[in-house]
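Architecture and fold: a report
What follows is the residue order along each chain.
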Amino acid sequence: MSARLTGGGRLRAGEPAASGDPEAPPRPPGPKPAAGGEQPAPGPAPSGRGRRLLVSAAFGAASAVLGLLLWIALAAGGVDDFPGPVPVARRAGTLLADGTLLEDAWSSLRRVLTGFALGTALAVPVGFVLGWYPVVRRLVEPWLQFFRMVPPLAIIPLAIVLMGIDEKPKIFVIFLAAFLTSVVSTFQGVVAVDVTLVNAARVLGARDRQVFLGVVVPASTPFILVGMRVGLGASWATVVAAELIAAQGGLGFRMQQAQLYNDLTTIFVQLIAIGTIGLAMDRLLLLAERRLTQWQERR
């Protein structure tokens, strides 16, 4: 029904305005009414961070499923003595029930945490000194590169001869692996700081201490955290090798014992335990990296 105008151009009471009437009051914006005349209730839209978490969780679940399917395919494909997920899960349940797996995992984790913490705690200040003072860097860096070329695994026999077969040589080689990785990454981060930022801070009147704390430390933090993540992987590789050579407990020790009896299911359990613990520690470092470097642009 079209609207009718009075002589003054106004609408008669009770009659709706035509869609083309310039004096018709505008309709309030909003969704179209649903069937029955009721307005649909708007649902809460997920935030950008929530969507990213959901996508990340979905990809993680898909990756786990694909890995499990590949494992099943390899076990069913005729590979000699290759255990499938079911026997490995049963063996893991047995080792968990008698406490062997937890005890071995704690022994290896304690060694890794001790050596990694000591190596990183020393590597960060040494790396800052090497990066901030070129004279010190020229004197010390060749020795760092020299020892970096020597695998920590090759030092295990020497460490055992000099320190015995207790915890000292194991923690020392883990410390060395974490230190050499983190110190190089730290001083490279200091050297890579944009000179323009340093000069701008000096022009504004900042002293050396203020430049170091306000410019150099934040700019080199991503390098430090990346070095810590790489050093964590080197620490786990080193502790397993150290336990294979001389240990009375630990995941590497249990793998060596299982190898003597051709117990592949136990070896798989230890490998999965190492990977799971290492992955959890790496994700914690990655979370710390994201929190400490929120200012950094990411893809």
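Since the model is a prediction, treat every value here as computed from it, not as a measurement. Along each chain, residue indices are assigned from 1 in the same order as the chain's sequence is written. Two thresholds apply to this predicted model, a pLDDT of at least 70 for residue-level local features and 80 or more for giving and counting side-chain atom pairs, whereas whole-chain, interface and lining totals are computed over all residues. In computing side-chain values, all of the structure's heavy atoms are included and hydrogens and water are not.

**Comments concerning the overall build of the protein chain**
The numbering of helices and of strands both runs from the N terminus, where a helix is a DSSP run of H or I of at least 4 residues and a strand a run of E of at least 2. Broken down by element type, the protein chain carries 10 helices and 0 strands. Starting at the N terminus and walking to the C terminus, you meet the elements of the protein chain as α-α-α-α-α-α-α-α-α-α. Counting over 299 residues, the protein chain shows a buried share of 33%. Working rule for contacts: check all heavy atoms of both residues, and any pair within 4.5 Å makes them a contact. For the protein chain, long-range pairs separated by at least 24 residues make up 68% of all intrachain contacts whose partners lie at least 6 apart in sequence. In the structure as shown, the protein chain presents an accessible area of about 19100 Å², 65% of it carried by carbon and sulfur atoms. Each residue's exposure class comes from its accessible area (1.4 Å probe, protein chains only) as a fraction of the maximum for that residue type: buried when under 20%, exposed when over 50%, partly exposed otherwise. Only the protein chains shown count as cover for residues, and the accessible areas themselves come from Shrake-Rupley with a 1.4 Å probe.

**Quick word on helix 4 (residues 134-148)**
Compared with an ideal rise of 1.5 Å per residue, which puts 15 residues at 21 Å, helix 4 spans 20 Å between its outermost C-alpha atoms and is within 8% of the ideal. What the bend at a residue measures is the angle between two axes, fitted to the seven residues ending there and to the seven starting there. Maximal helix bending in helix 4 amounts to about 40°, located at Val 140; proline Pro 142 follows within four positions. Helix span, as expected, comes to 1.5 Å for every residue beyond the first.

**Remarks on unusual backbone geometry**
Positioned with a positive phi, Asn 262 is a non-glycine residue whose angle comes to about 55°. Of note, Asn 262 is situated in the loop between helix 9 (251-260) and helix 10 (264-292).

**So, the side chain of Thr 238**
Residue position: Thr 238 is located in helix 8 (residues 208-245). A residue is classified by how much of its surface remains accessible, and Thr 238, at 4% relative accessible area, is buried. Leave out the neighbours within four places in its chain, and Thr 238 touches Pro 152, Leu 153, Ile 156, Val 173, Ile 174 and Ala 177.

**A few points about the nonpolar core**
Core analysis: the largest hydrophobic core is formed by 44 residues, its most contacted members being Leu 232, Trp 236, Leu 251 and Met 281. Per-element tally for this core: the top contributor is helix 8, with 13 residues. Residues in contact with Met 281, not counting those within four places in the same chain, are Leu 109, Val 112, Leu 113, Leu 232 and Trp 236. Buried Ala, Val, Leu, Ile, Met, Phe, Trp, Tyr and Cys residues form a nonpolar core when they are joined through side-chain atoms within 4.5 Å.

**Overview of the side chain of Ser 220**
Tracing the sequence through the fold places Ser 220 in helix 8. What makes Ser 220 buried here is its relative accessible area of 0%. Two N or O atoms count as a polar contact when they lie within 3.5 Å, although within protein this holds only if one can serve as hydrogen donor and the other as acceptor, and sequence-adjacent residues are included solely when both atoms are side-chain atoms. There is a polar contact of 3.3 Å between the side chain of Ser 220 and the backbone oxygen of Val 217. For Ser 220, the residues in contact, after removing those within four places along its chain, are Phe 128, Gly 189 and Val 190.

**Points about the pattern of salt bridges**
Criterion for a salt bridge: a side-chain nitrogen of Lys or Arg within 4 Å of a carboxyl oxygen of Asp or Glu. Tallying each qualifying case throughout the model produces 6 salt bridges. Taking the shortest distance from any N to any O, the salt bridge between Glu 289 and Arg 229 comes out at 3.7 Å. Pair noted here: Glu 289 is in helix 10 and Arg 229 is in helix 8, with a separation of 60 residues, a long-range link. We classify Glu 289 as buried; its relative accessible area is 9%.

**Some thoughts on the packing of helix 3 (residues 100-132) against helix 9**
Axis separation between helix 3 and helix 9 bottoms out at 7 Å; the angle between their running directions is 125°. In terms of orientation, helix 3 lies oblique with respect to helix 9. The segment helix 3 lies against helix 9, with Thr 100, Leu 101, Asp 104, Ala 105 and Ser 108 engaging Leu 251, Gly 252 and Arg 254. When residues are grouped by polarity, Ala, Val, Leu, Ile, Met, Phe, Trp, Tyr, Cys and Pro land in nonpolar, Asp, Glu, Lys and Arg in charged, and all others, Gly among them, in polar. Here the contact of helix 3 with helix 9 is composed, by residue class, of 3 nonpolar, 3 polar and 2 charged. Only the stretch in contact is used when fitting a helix axis, every axis being a line fitted to C-alpha atoms; angles between N-to-C directions are given from 0 to 180 degrees. Each angle is binned into one of four classes, with values under 35 degrees roughly parallel, values over 145 roughly antiparallel, values of 65 to 115 roughly perpendicular, and all other values oblique.

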